[in-house]
Amino acid sequence: MKTFTYTIKDELGIHARPAGMLAKTAKSYDSEITMTKGGKSVVCTRLMSLMGLGVKCGDTVTITVSGSDEDSAAEGIKSFLESNL
């Protein structure tokens, strides 16, 4: 299992467009990828769940990746967050 934290830098937080892109990216891996904020965790492949977290600019989220390709999935998700959020 791989875990890392990331602080959202996008001024709009996680809204529809980046949430959709994140869900699509997460679906490309075999591992289960979850995002946690304020004690609530959601699976990153679920668009509405991601938006339901209400992640705003400056919020810190914890990403947990577990599965057969967790190393590449963790790097891929971290790279996505740095580029888009």
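Anyway, here's the lowdown on the structure attached to this text.

Reading the values: rules and limits
Residues numbered from 1 in each chain as written. Predicted model: local features only at pLDDT ≥ 70, side-chain atom pairs only at ≥ 80, totals over all residues. Heavy atoms only, no water. Axes fitted to C-alpha atoms, helices over the stretch in contact; angles between N-to-C directions. Helix = DSSP H or I, 4+ residues; strand = E, 2+ residues; numbered from the N terminus. Parallel < 35°, antiparallel > 145°, perpendicular 65-115°, else oblique. Left-handed = near helix turned anticlockwise from the far one by under 90°. Contact = heavy atoms within 4.5 Å. Nonpolar A, V, L, I, M, F, W, Y, C, P; charged D, E, K, R; others polar. Salt bridge = Lys/Arg side-chain N within 4 Å of Asp/Glu carboxyl O.

## As for the packing of helix α1 (residues 16-27) against helix α3 (residues 70-84)
With their axes 10 Å apart at the nearest point, α1 and α3 run at an angle of 160° to one another. Considering the angle they form, α1 stands roughly antiparallel to α3. Crossing hand, α1 versus α3: right-handed. For the pair α1 and α3, contact is made by P18, M21, L22, T25 and A26 and by I77, F80 and N84, respectively. For the contact of α1 with α3, the per-class residue count stands at six nonpolar, two polar and no charged.

## Here we look at the pattern of salt bridges
Going through the model one piece at a time under the given rule, you end up with two salt bridges. Linking D71 and K2 is a salt bridge whose minimum nitrogen-to-oxygen distance equals 3.0 Å. Here D71, found in helix α3, pairs with K2, found in strand β1 (residues 2-7); they are 69 residues apart in sequence, far enough to count as distant. Close ionic contact of D59 with K37 constitutes a salt bridge, the shortest N to O distance being 3.7 Å. On the criterion of sequence distance, the pair formed by D59 in the loop between α2 (47-52) and β4 (60-66) and K37 in strand β2 (residues 32-37) is long-range, its members being 22 residues apart.

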